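Residues per chain, in single letters:
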Amino acid sequence: MKISYIYKHIPATLSGFVFLLSGLSKLGNVLIFQQLIVDYGLNHLNILAPFIILFEIFIGALLIFRIHVRAVSSIATIVVIIFTCTYTYAWHWHGITDCGCFGNYLPIHPTPLATYIRNAILIMLLVLAIIFDDSQQPERWKIVTMGTILYAATFVAGMTYKPFAFSNRIHPLENKAIADTPLTGFATTNNGESELLMFFSYGCPHCINSMENFKAWKEDNAVNNTIAYVLVDSTATHATDSLKLIFHERFPSINVIETNAALCPFIQAFPTSFLISNDTITHVIIGELPSHYLFQFE
């Protein structure tokens, strides 16, 4: 009987951890999640990024603590369906294959098929949570714990949230001469040649998803030269070394230049690419690098 009682809690607990992990993994850099929403084609909705993150954390905590499981699971099921439809729209119309569900937590993003399978399993767990619901009035300590988590999460989210970051899509470095920008020491163009610079991180799934397009820009002669700069912290960690190894195993033909992140304060989201022509920055591309066939030159 006791074992059966524990099994009834598994669907709600597992679903809660998925929502909680999804929210916490994006909490460290809300601006990147804002950029993903823009990449989805939902430009003006990027201001909702911190609220979506806090909502995921709130739903996850409610499910883990088994508070109003039936109602919360019903709402969560509708949310997953809406997220799945939104992802389908972004994949079909904007070529986005990374749902961005877990921020930078996973170094390799799931394929569309894996995303759909994961969402289907999550919906099944939520339905089971509704069926097995036996939640009771929440204890006081659960309410206090949830309030503490949400208060701390709200504070952390506010540190990297920029509500007006995408209100003006013209980057401050666009249409400026290289000599007048911080890219002076990074660009190598001369005689008016074109060049593509990309700044990325080993642990950024959007960066990994951009690499094949990055190679194609040079291979198909869309630009004369390409340079990839990877930003690293001054102190290397085991996790950084592992991500570096994974990257070089997957992309042995891409030569990257490691640069101290402290030297590049102008990079606020990964990846950020700069298209240079005639010693002038003509375009700044924030987010996944598109194929040069789809990129519209001015």
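Keep in mind that this is a model prediction, so the values were computed, not measured.

Peer 1: Which residues make up the sheet that holds strand β6 (residues 280–286), and what values do they have?
Peer 2: Strands sit in the order β1-β6-β5-β2-β3-β4 across an open sheet of six strands; the sheet is mixed. A strand with exactly one partner marks an edge of an open sheet, and here the two such strands are β1 (176–177) and β4 (256–260). Relative to strand β3 (residues 225–232), strand β2 (residues 195–200) is paired through six bridges, and the arrangement is parallel. Paired with F200 across the bridge in β3 is V230.

Peer 1: Please give an account of the pairing of β2 that cites residues and values.
Peer 2: β2 sits mainly inside the fold: six of its six residues count as buried. The pairing of β2 with strand β5 (residues 272–277) spans five bridges and is classified as antiparallel. Residue pairing in the sheet places E195 in a bridge with I276 of β5.

Peer 1: Give me the pattern of salt bridges: which residues, what numbers.
Peer 2: One pass over the structure, following the stated rule, counts five salt bridges. Between E56 and K26 there is a salt bridge, with the nearest N and O atoms lying 2.9 Å from each other. Linking E56 in helix α3 (residues 49–64) with K26 in helix α1 (residues 2–27), this pair joins segments that are 30 residues apart in sequence. Each member of the pair E56 and K26 is classed as buried. Between K215 and E212 there is a salt bridge, and its shortest N-O distance comes to 3.4 Å. Taken together, the residues span about one helical turn, with K215 and E212 both in helix α8 (residues 211–219) at a distance of three residues. Accessibility expressed as a relative area gives 19% for K215, which makes it buried. Classification of E212 as partly exposed rests on a relative accessible area of 48%.

Peer 1: So what's going on with the state of the cysteines? Residues and values would help.
Peer 2: A covalent bond between the sulfur atoms of two cysteines is what we call a disulfide. Per the counting criterion, the structure on display carries zero disulfides. Not part of a disulfide, C264 finds its nearest cysteine sulfur in C207, a span of 13 Å. Accessibility expressed as a relative area gives 2% for C264, which makes it buried.

Peer 1: I'd love a proper account of the packing of aromatic side chains, names of residues and values included.
Peer 2: Under the counting rule described, the total for this entry stands at 15 aromatic pairs. Consider the rings of F65 and W141, whose centres lie 5.5 Å apart with planes at 80°: the pair is edge-to-face. Residue F65 is found in the loop between α3 and α4 (69–94), and its partner W141 is found in helix α6 (residues 140–160); the two are separated by 76 residues along the sequence. Between F199 and F266 the ring centres are 5.7 Å apart and the planes differ by 85°, which places this aromatic pair in the edge-to-face class. With a gap of 67 residues between them, F199 in strand β2 and F266 in the loop between β4 and β5 connect regions that are remote in the sequence. Note on F266: relative accessible area 15%, which makes it buried. Put simply, the rings of F186, F199, Y229, F266 and F274 touch in pairs and so form one group of aromatic residues. Between the NZ or CZ atom of K26 and the centre of the ring of F33, over which it lies, the distance is 5.1 Å.

Conventions and cut-offs
Residues numbered from 1 in each chain as written. Predicted model: local features only at pLDDT ≥ 70, side-chain atom pairs only at ≥ 80, totals over all residues. Heavy atoms only, no water. Pairing = 2+ DSSP bridges. Helix = DSSP H or I, 4+ residues; strand = E, 2+ residues; numbered from the N terminus. Buried < 20%, exposed > 50% of the residue type's maximum accessible area, 1.4 Å probe, protein only. Salt bridge = Lys/Arg side-chain N within 4 Å of Asp/Glu carboxyl O. Disulfide = S-S within 2.5 Å. Phe/Tyr/Trp six-rings, centres within 6.5 Å; stacked < 30°, edge-to-face > 60°. Lys NZ or Arg CZ within 6 Å of the ring centre and 35° of its normal.

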